[in-house]
There are 2 protein chains.
Amino acid sequence: MKQANTGRLTLPTDVDMVAATIRLKDLLGADALRDCDGTDMPEELLTQDAKIYATYYTTRKDNDWAMQHPEEIQQEYLISDRVTARGDRLRIELMKGFHTEQLKVNTIDPPGKWWEVIDRTTGEIVSPDHWHYEESSGEVVIDSIPYHQYTVSFLAFLIWDPVHMYNFITNDWKDAPHQLTYDVRQPKTQVYVKEKLKKWCEANPQVDVVRFTTFFHQFTLTFDDQKREKYVEWFGYSASVSPYILEQFEKWAGYPFRPEYIVDEGYHNSIFRIPSKEFRDFMEFQQIEVSKLAKELVDIVHSYGKEAMMFLGDHWIGTEPFGKYFANIGLDAVVGSVGDGVTLRMISDIQGVNYTEGRLLPYFFPDVFTEGGDPIKEAQDNWLKARRAILRSPVDRIGYGGYLKLASEWPGFIEQIGKVVDEFRQIHANMDGTGAYTAPFKVAVLNSWGNLRRWMANQVHHALWYREIYSYVGVIEALSGMPIDVEFITFDEVKAGIDPSIRVIINAGDAYTAFSGGDNWKDPDLVCTLRRFVDQGGGFIGVGEPTACQYQGRFFQLSDVLGVDRELGFSMSTDKYNTLNPEHFILEDVSADIDFGEGKSRIYAQGEHYQILNMDGKYSRLVVNEYGQGRSVYFTGLPYSPQNCRILLRAIYYAAHREEEMKKYYVTNPETEIAVFEKTGKLAVINNTKEERHTDLYLEGILKMQLTLAPMEMRWITYKEEL
Amino acid sequence: MKQANTGRLTLPTDVDMVAATIRLKDLLGADALRDCDGTDMPEELLTQDAKIYATYYTTRKDNDWAMQHPEEIQQEYLISDRVTARGDRLRIELMKGFHTEQLKVNTIDPPGKWWEVIDRTTGEIVSPDHWHYEESSGEVVIDSIPYHQYTVSFLAFLIWDPVHMYNFITNDWKDAPHQLTYDVRQPKTQVYVKEKLKKWCEANPQVDVVRFTTFFHQFTLTFDDQKREKYVEWFGYSASVSPYILEQFEKWAGYPFRPEYIVDEGYHNSIFRIPSKEFRDFMEFQQIEVSKLAKELVDIVHSYGKEAMMFLGDHWIGTEPFGKYFANIGLDAVVGSVGDGVTLRMISDIQGVNYTEGRLLPYFFPDVFTEGGDPIKEAQDNWLKARRAILRSPVDRIGYGGYLKLASEWPGFIEQIGKVVDEFRQIHANMDGTGAYTAPFKVAVLNSWGNLRRWMANQVHHALWYREIYSYVGVIEALSGMPIDVEFITFDEVKAGIDPSIRVIINAGDAYTAFSGGDNWKDPDLVCTLRRFVDQGGGFIGVGEPTACQYQGRFFQLSDVLGVDRELGFSMSTDKYNTLNPEHFILEDVSADIDFGEGKSRIYAQGEHYQILNMDGKYSRLVVNEYGQGRSVYFTGLPYSPQNCRILLRAIYYAAHREEEMKKYYVTNPETEIAVFEKTGKLAVINNTKEERHTDLYLEGILKMQLTLAPMEMRWITYKEEL
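Residues numbered from 1 in each chain as written. Chains lettered and ligands numbered in written order. Predicted model: local features only at pLDDT ≥ 70, side-chain atom pairs only at ≥ 80, totals over all residues. Heavy atoms only, no water.

A. Looking closely at the overall build of chain A. Along its length, chain A carries 18 helices and 36 strands. For 723 residues, the compact-globule formula gives about 27 Å, and the C-alpha radius of gyration of chain A, at 27 Å, lands near that figure. If one aligns the C-alpha atoms of chain A with their principal axes, the spans along those axes are about 75 × 70 × 45 Å. Residue burial in chain A is summarised as follows: out of 723 residues, 65% are buried. Per element, the accessible surface of chain A, about 25100 Å² overall, is 47% carbon and sulfur. Separation between the mean location of the 76 positive side-chain charges and that of the 107 negative ones in chain A comes to 3 Å. (Helix = DSSP H or I, 4+ residues; strand = E, 2+ residues; numbered from the N terminus. Rg over C-alpha atoms; globule rule 2.2 N^0.38 Å. Buried < 20%, exposed > 50% of the residue type's maximum accessible area, 1.4 Å probe, protein only. Areas by Shrake-Rupley, 256 points an atom, 1.4 Å probe, with all protein chains shown as cover. Lys, Arg positive; Asp, Glu negative; His and termini not counted. Charge placed at Lys NZ, Arg CZ, Asp CG, Glu CD.)

What follows is the structure in structure tokens.
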């Protein structure tokens, strides 16, 4: 196989970078050029031997239209501050804490119909007979019960596009006019936007790829009165609403809409919340409608001989790339930001497009390319995490974003990109369109979202480190680069029957979140199906507070399967007698202390078939349990690290009862990994650290080689000939 | 005032210690001598110039009676292991995990009536038509649903008294016959025990004080099949049951009894559990009946001219010294073990007796008086904690327990006791029956138990350190020695109206426990009463997870009052912008880092009136909030330490809006405290450390003296004359 030294790479450009762009394009072998929000494509480059991408915004950059049709400006459901009444009349200032340059109360549609005042002390709706909106003061006036707490859920127009506002603030733009939004779903705007796209296609014949940023509904991004971020939920649907849409939803769903379905007690259906039936219905409805309308725009693009690419960000709401309507859109490609292995897989696993493209980090932005910044380190760390995921499920292309000038002037940075691009092309050359070897069984991550939110479990913002989540999202990150086929399944799917190809099920996260499952665990069908699954030979891995839901004398409802429960105080009078026994298959490669992150405390082993592999004082952190023919493994937490990847891999093989098969293809050093392409006869051993590493290489259980890998090295071996 | 150098002291003795006892009695000025479980009173000492205490056991030490009346042996509700069915027939071995020398299944009373099989997967009772007890195997056989989990709640006879068994095992006794129990509440035994007591009184004319150990019902103390402690709940009523009693209860309560009211999902109504109505009813019923019957025994004792003393331990269940029936018993005295300030107050605050006696630590037992043991340090630590509580609410007497021989032979130990006894007499001499000055307002600890379990909040076993509780019980320990009148109130009492003398309310503990209150916080009456209380000038102090109960968008239901909430994941998309500002009245004396123990993580400030005094990364550990005319203070945790006592004292004065009154009587060094007896004109300054300490002394807000205190010193000043 011959490796191309061009292709699969997209570079950003700008009007002041014509010569440099050409130089870097040739040096790095880029075959596509793109503009960004804030940069422009120079005329001179349109004729280069490269595909030309153009960012295209369907919902903004046309303030005239927005101002002429204020009723079709995008809307968002907001919830006021929670205010405690001190008497029998309460005034709540709606816009308090919001930025009036971003949002404006919708007084066009009747508040009595579309707003909701809730007594949060009782959970009851306050009848519109007992409140009214006073436009002069911007306050809702409520007949209140003293010392009850109230909220008002209300509609507001998005008079400044959130991403434009974010870029404006972040880049300290001064004179750019605020870009208003408009709602493409609404009748007049829909007609207008389609016509506009046609005209744009006609006016831009040199553009090969229309990169939609994105379609119609922005993820929730709300600013406070000091222009600081107030609420941001990348998965959030709160800004995809309008009476026009909600009236359609009512008809489709067959029941009346309530603002509470969107504002959700103020949590706005954060991905950590167990989604209500009504919110799931709303998501479904939006997917159906968004995919239909998006298809119309894609068809227009195609009719001009251009490709349609979707950016997985900004206005992606309702597209749900792992939902059942996505393929209907007919896109050619998806591009998205790659922060780590998980976000790589979030793009590369998308079906229903011809190709995927990952935008690697760092963005060429001044916050990193500055004194004290270390863009080379960021690029390396990003690549170490992305590379192991690409070996399992590759994006077809990679690219960068931002100001090319910053990257080109940073010493050594272009060389670093060169190495990344070269390794990326090596992977494609050696895999040659085939998949890497995976274990002969599947692993399923069980949560409330399932495959709809594939590779999105336990995250707040993509690839950002959060103290609250790193101990659980580490499990998903580890899986993203493992030689394991991973499914994401819901509780309902488990009840309908576990796919026989699934051998190990993982439940990971904090109690009562969508990820551990909360009240789902009171469902006899769910717990019985899982008990049967494990009893008959399946494996169950719990991380954090798996199956947690205080009920009938237990916190972990599958405490019998897991062999552990968490002490909430109620059982402190019961003696535990837990003792350590760390000799176990799972820990055979492990030499360093295990990092459990900020894993859960107060875990004790119980039952008769457990073995405690790691303790913290009298409590346990890593426990295995035998349950009938099956097995379970429990971790208090498992942040991402090369060693924890290995521990999880071993836990999976142990839980699956397939220990003997683990060394079919195996490297002993936990900080190295192996990817095998049986159809091409190639294998790669990667060093996931920035230091030299030695490792033994096993094939079919037999020690074949001892390797010394340079820092970050990816070593390719044509194993069927060489070994 | 002249201080006596005799009196107020009880010493243990034994048959081999006649001369030594007399020597130590004279040396230390003891005025009472006692026997213990395992030691005997020598004949020779009966005529000494000292009161003679005799331990008296109503429920054991008469195996003949027990064996002749097996149906009146004491009983305990047990719950079997939780067992998961794998088919449609499940066998549960009842005694698995219990010790058959301690407990024996009750097959005399019909299982169908008194036992309960529960499907823990659904929470439903399995009808007796679908299970039966198979006596030959000791198993309950259940028609089961596959993969549902079941428990059997059943009655067992206590064929070995739990405390006798404990002492037997702990002291490695070999040949002592196991002491059976009998239930004094039952008809034949009741008659027999009363007669026996009369005879005993007649036979023991030299005994002055009959020390009941205790009355009828042992706290729950169950051993496992390896003779290890399996379950121990000092507050537990599980061993106070029998069909005889439960039938009376049904009549009294007016509804049918269920075993679940006792076994409580397997938690056995641990004091950490929010008590159900039925369990509270059962406690009430037991108090009524126990106090009636105990009074009959006390009357017998009195009829022989002897005093009746109750040991607050062993069979104290149903006496509830802070309950409304206790005084009816007519006891002369209560004696109990003093582990710290809290347990001191648990004795000294008891009303309805003529005097109280505290048994100080250490017990003269071989586990402490041994190589590697440090009984002098234990005595000092014990005294430092007890002394500050005695200054607020004194026991009338102190005493010791165990083997006097061990104490007398340990170098320096008797001298240490001498110092303790001397200081104890100093306190009584200087207070002369009057009370110490307390702040001009009361502080109330709010939990599910209220005054019934005064000074018992947040504890597992008395005065033992537990990682799970020390961060919250520290608050109660601190209060035990503060110049503050402390009430313990229930949620129901708050709803009925807060006593106007209460200025500050404290809610401390883990979420969903009896101490923080769980679902009580969904009650609008409760939250509104407290909001009004604070709004109108009251103070609220929360520690750990106060008012916690996930509901309507908040975890802490009084988050508006507290200015904080806890992040459970659902609101991670909401930005917080918390910043530190440690300049505050509460921290003015504080120089060292604050110890929050294993306090709660993920606390963020919210609202508009908070100030964050201490942070842990981006989260907060100490926050104050203004709420109308009132104030709140929040701590993630507050283990006991001299500095934390001072922080809490300042927090109380701050929350009460009475900062200016704090220095009425004040010592500046946080490791010192002051107790003032206005009626006698004396004050004491105590050094709560084992190092020398300097402190300024303020009276009426004016600096009066600078003191240097020796390690552990208690300095008395006749302040009205001297200053």
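From this point, the narrative continues.
B. Just the sheet that holds strand S35 (residues 702-709) of chain A, in detail. All names here are of chain A. Reading across from one edge, S31-S34-S35 is the order of the 3 strands in this open sheet, with antiparallel pairing throughout. One side of each edge strand has no neighbouring strand; the edge strands of this open sheet are strand S31 (665-667) and S35. Across this sheet, the average inter-strand angle for adjacent strands is 20°, counted without regard to direction. One ladder, built from 3 bridges, connects S31 with strand S34 (residues 693-699); its direction is antiparallel. Within S34, the residue paired with Val 667 across the bridge is Leu 697. (Pairing = 2+ DSSP bridges. Axes fitted to C-alpha atoms, helices over the stretch in contact; angles between N-to-C directions.)

C. Up close: the relation of the copies chain A and chain B. The transform that puts chain A on chain B rotates by 180° and translates by 0.0 Å along the axis, for an RMSD of 0.0 Å. Classification of the inter-copy transformation places it as that of a two-fold axis. When the interface residues of chain A are mapped onto chain B, 100% of them again fall at the interface, so both copies present the same face. (Least-squares fit on C-alpha atoms with pLDDT ≥ 70 in both. Contact = heavy atoms within 4.5 Å.)

D. How the structure looks around the packing of helix H10 (residues 375-392) of chain A against helix H13 (residues 470-480) of chain A. All names here are of chain A. Between H10 and H13, the least distance of the axes is 8 Å, while the angle of their chain directions is 55°. Classified by the angle their axes make, H10 and H13 are oblique. Each of Lys 385, Arg 388, Ala 389 and Arg 392 in H10 lies in contact with H13, whose residues at this interface are Glu 477, Ala 478 and Ser 480. Of the residues belonging to the contact of H10 with H13, the class tally is 2 nonpolar, 1 polar and 4 charged. (Parallel < 35°, antiparallel > 145°, perpendicular 65-115°, else oblique. Nonpolar A, V, L, I, M, F, W, Y, C, P; charged D, E, K, R; others polar.)

E. Focus on the pattern of salt bridges. Applying the stated rule across the entire model yields 114 salt bridges over all chains. As a salt-bridge pair, Arg467(A) and Glu598(A) come within 2.8 Å of each other at their nearest N and O atoms. You can see Arg467(A) sitting in the loop between strand S20 (442-446) and H13 and its partner Glu598(A) sitting in the loop between strand S26 (564-566) and strand S27 (603-605), a full 131 residues away along the chain. Lys324(B) is paired through a salt bridge with Glu284(B); the nearest N and O atoms lie 3.4 Å apart. Placement of Lys324(B) in the loop between strand S16 (307-311) and strand S17 (333-337) and of Glu284(B) in helix H8 (residues 277-303) is noted, with a sequence separation of 40 residues between them. Classification of Lys324(B) by relative accessible area gives exposed; the value is 62%. What you see here is one network of salt bridges that share partners, running through Glu588(A), Asp589(A), Arg646(A) and Arg650(A). (Salt bridge = Lys/Arg side-chain N within 4 Å of Asp/Glu carboxyl O.)

F. The environment of Val561(A), seen in detail. Residues and elements named next belong to chain A. Position of Val 561 among the secondary structure elements: in helix H16 (residues 559-562). Look at Val 561 and you get buried, because its relative accessible area is 0%. Once the C-alpha coordinates of Val 561 and Asp 616 are considered, the two residues, 55 residues apart in sequence, prove to be 22 Å apart. Sequence-distant contacts of Val 561, that is, excluding residues within four places in its chain, are made with Arg 531, Val 534, Phe 540, Asn 625, Tyr 627 and Ser 632.

G. A look at the domain arrangement of chain A. Residues and elements named next belong to chain A. In terms of domains, chain A is made up of domain 1 (442-657) and domain 2 (665-722). Taken together, the contacts link 7 residues of domain 1 with 9 residues of domain 2. Between domain 1 and domain 2, a total of about 690 Å² is buried, with carbon and sulfur atoms accounting for 48% of that surface. By the criterion of area lost to domain 2, the three top residues of domain 1 are Asp 589, Pro 642 and Arg 646, representing 64% of everything that side buries. For the pair domain 1 and domain 2, the number of links is 0 salt bridges. For the interface between domain 1 and domain 2, the tally reads 7 residue pairs in polar contact (both at pLDDT 80 or more). Looking at the side of domain 1 that touches domain 2, its residues break down into 2 nonpolar, 2 polar and 3 charged. (Domains from an automatic or database assignment. Buried area = accessible area lost by both parts, 1.4 Å probe. Polar contact = N/O pair within 3.5 Å; in protein donor to acceptor, adjacent residues only side chain to side chain.)

H. The arrangement of helix H1 (residues 18-28) of chain B in detail. All names here are of chain B. Listed in full, the buried residues belonging to H1 are Val 18, Thr 21, Leu 24, Lys 25 and Leu 28. Projected down its long axis, H1 shows its buried positions confined to an angular sector of 130°, all on one face. Exposed residues pointing more than 90 degrees away from the buried face of H1 are listed as Ala 19, Asp 26 and Leu 27. The elements touched by buried residues of H1 are strand S1 (9-12), strand S2 (32-34), helix H11 (404-409) and helix H12 (413-431). (Arc of directions from axis to C-beta.)

I. Representation of the sheet that holds strand S6 (residues 89-93) of chain B. Residue and element names in this part refer to chain B. Strands sit in the order S6-S11-S10 across an open sheet of 3 strands; the sheet is antiparallel. The two strands at the open ends of the sheet, each matched to only one other strand, are S6 and strand S10 (131-134). Strand after strand, the sheet turns through a mean of 20° between neighbouring axes, direction not considered. As paired elements, S6 and strand S11 (residues 139-143) share 5 bridges and run antiparallel to each other.

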